[in-house]
Protein chains: 2
Amino acid sequence: MCVCVWQQPVKQKQKGSSAERELISLFWEHGWAAIRAAGSGSQRHPSPDVLAANSIRTIAIEAKAEGTLTKYLSDADIQQLREFARLFGAEPWLAVRYDKMGWYFFNPEDLKKTPKGYAADILLAKAKGLSFSELIGD
Amino acid sequence: MCVCVWQQPVKQKQKGSSAERELISLFWEHGWAAIRAAGSGSQRHPSPDVLAANSIRTIAIEAKAEGTLTKYLSDADIQQLREFARLFGAEPWLAVRYDKMGWYFFNPEDLKKTPKGYAADILLAKAKGLSFSELIGD
């Protein structure tokens, strides 16, 4: 009876991990080194989902890839991303993969403030989001 | 019948993960940001076990913590650590936790060459290994 309750989160988690692996491969294909963080979101210390660098720039990424057109982040998500990036010496970025439109990358400063956190919808993506090539300056 | 065959590797893996988490906490306690890499060793791309940085230095770590006094690494382990570190812009380090003696950190250049790879025994640790404080220059 409990299986249905847990099925969706597990699928979402798998979809998230799969999207993160896709992102990792994109970086490697463009000459960057990148890793996925273990169990981000369930760690004792702040952790981004992905860390990528090319010996000049280091990028800490919170990645979202569920199948909706507006992605929401909590205040804590953004605060932890910023705190990690500040200590590590990385740029904080939010990466969102929209169904059929692919990846967009947001500077946290550009996200829409909501009562409970932040949002990144498709209009914001078109206005402020960067493509992968723009992100890495390719 | 298969349970016994798999029991030891799983325990070793858990011990490895637990040691990596301990290392992560050490960095955070000293003002560094650090993360564990997801599934290092089973990824398509090279990956260290731990990445740590303090906005000035970035350290890519291969960690070993099994309960023996000599730790062995394959040529591929060291080559992948070096390749990742070169692309990412990090310093490559081997971290070994010896039972009762704690952590020692090795520059890959200082490891003993063996026919199949590299070794770090307790004598090498005393001669060439750095303590955690020495590693971070505390």
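In the block above lies the structure referred to throughout.
Note that the structure is a prediction, hence the values are computed from the model and not measured.

*Asks:* Any chance you could explain unusual backbone geometry here in plain terms?
*Replies:* Outside of glycine, negative phi angles account for most residues, and trans bonds account for most peptide bonds. Residue and element names in this part refer to chain B. Its identity is not glycine, yet Ser55 carries a phi of approximately 75°, on the positive side. Its location among the elements puts Ser55 in the loop between strand E2 (50-53) and strand E3 (58-64). Residue Ser55 is classed as partly exposed on the basis of its 15 C-beta neighbours within 10 Å. Phi is positive for Lys100, close to 70°, though the residue is something other than glycine. Structurally, the position occupied by Lys100 is in the loop between strand E5 (91-98) and strand E6 (102-106). A count of 6 C-beta atoms within 10 Å places Lys100 in the exposed class.

*Asks:* Help me understand the sheet that holds strand E7 (residues 112-114) of chain B, please; the structure alone is not making it clear to me.
*Replies:* In a beta sheet, neighbouring strands pair by backbone hydrogen bonds and run either parallel or antiparallel. All names here are of chain B. The antiparallel open sheet is built from 3 strands, whose spatial order is E4-E8-E7. A single partner strand is all that each edge strand has here, and the edge strands are strand E4 (70-74) and E7. For this sheet, the mean inter-axis angle between neighbouring strands, taken without regard to orientation, is 35°. Note: E4 against strand E8 (residues 117-121), 5 bridges, orientation antiparallel. Bridge pairing in E8 places Ser74 opposite Gly117.

*Asks:* Explain the interface of chain B and chain A to me, please; I cannot follow it from the model alone.
*Replies:* Many analyses report the size of an interface as the accessible area lost when the parts associate. Taken residue by residue, the interface counts 19 residues in chain B and 19 residues in chain A. Put simply, the parts of the chain that give the side of chain B that touches chain A at least two residues each are helix H1 (3-29), strand E1 (33-36), E2 and helix H2 (75-88) of chain B. Residues that form the side of chain B that touches chain A fall into these classes: 13 nonpolar, 5 polar and 1 charged.

*Asks:* How do you make sense of H2(B) when you look at a structure like this?
*Replies:* Counting along an α-helix, one turn takes 3.6 residues, and residues three or four places apart therefore face a common direction. The end-to-end C-alpha separation of H2(B) is 20 Å, in line with the 20 Å expected for 14 residues at 1.5 Å each. By the burial criterion, the buried members of H2(B) are B:Gln80, B:Leu81, B:Phe84, B:Ala85, B:Leu87 and B:Phe88. Buried residues of H2(B), seen end-on, are gathered within an arc of 165° and therefore sit on one face of the element. On its buried face, H2(B) is in contact with strand E1 (33-36) and strand E2 (50-53) of chain A together with E3 and E5 of chain B. Looking one or two residues past H2(B), B:Gly89 carries a phi angle of roughly 90°, positive in sign.

*Asks:* Help me understand the relation of the copies chain B and chain A, please; the structure alone is not making it clear to me.
*Replies:* Look at the two chain copies: a rotation about an axis and a shift along it is all it takes to match them. Of the transformation superimposing chain B on chain A, the axial component is 0.0 Å and the angular component is 180°, with the fit at an RMSD of 0.0 Å. These values place the two chain copies in the arrangement generated by a two-fold rotation axis. Within chain B, B:Ala38 has its C-alpha nearest the rotation axis, a separation of 2.0 Å. A symmetric contact is evident, with 100% of the interface residues of chain B recurring at the interface of chain A.

*Asks:* Explain the sheet that holds strand E7 (residues 112-113) of chain A here, please?
*Replies:* Residues and elements named next belong to chain A. The 3 strands are arranged E4-E8-E7 in an open sheet whose pairing can be described as antiparallel. The open sheet is flanked by strand E4 (70-74) and E7, the only strands paired with a single partner. In the packing of helix H2 (residues 75-88) onto the sheet, the strands contacted are E4 and strand E8 (117-121), and the crossing angle to E4 comes to about 70°.

*Asks:* When you look at the environment of A:Glu83 in this model, what are you seeing that I'm missing?
*Replies:* Residue and element names in this part refer to chain A. With respect to the helices, strands and loops of the structure, Glu83 is situated in helix H2. The class of Glu83 is partly exposed, set by 14 C-beta atoms lying within 10 Å. Taking the C-alpha atoms as reference, Glu83 lies 9.3 Å from Ser47; in sequence the two are 36 residues apart.

What counts, and at which threshold
- Residues numbered from 1 in each chain as written.
- Chains lettered and ligands numbered in written order.
- Predicted model: local features only at pLDDT ≥ 70, side-chain atom pairs only at ≥ 80, totals over all residues.
- Helix = DSSP H or I, 4+ residues; strand = E, 2+ residues; numbered from the N terminus.
- Buried ≥ 20, exposed ≤ 12 C-beta atoms within 10 Å, placed from the backbone.
- Pairing = 2+ DSSP bridges.
- Axes fitted to C-alpha atoms, helices over the stretch in contact; angles between N-to-C directions.
- Contact = placed C-beta atoms within 7 Å.
- Nonpolar A, V, L, I, M, F, W, Y, C, P; charged D, E, K, R; others polar.
- Expected span 1.5 Å × (residues − 1).
- Arc of directions from axis to C-beta.
- Least-squares fit on C-alpha atoms with pLDDT ≥ 70 in both.

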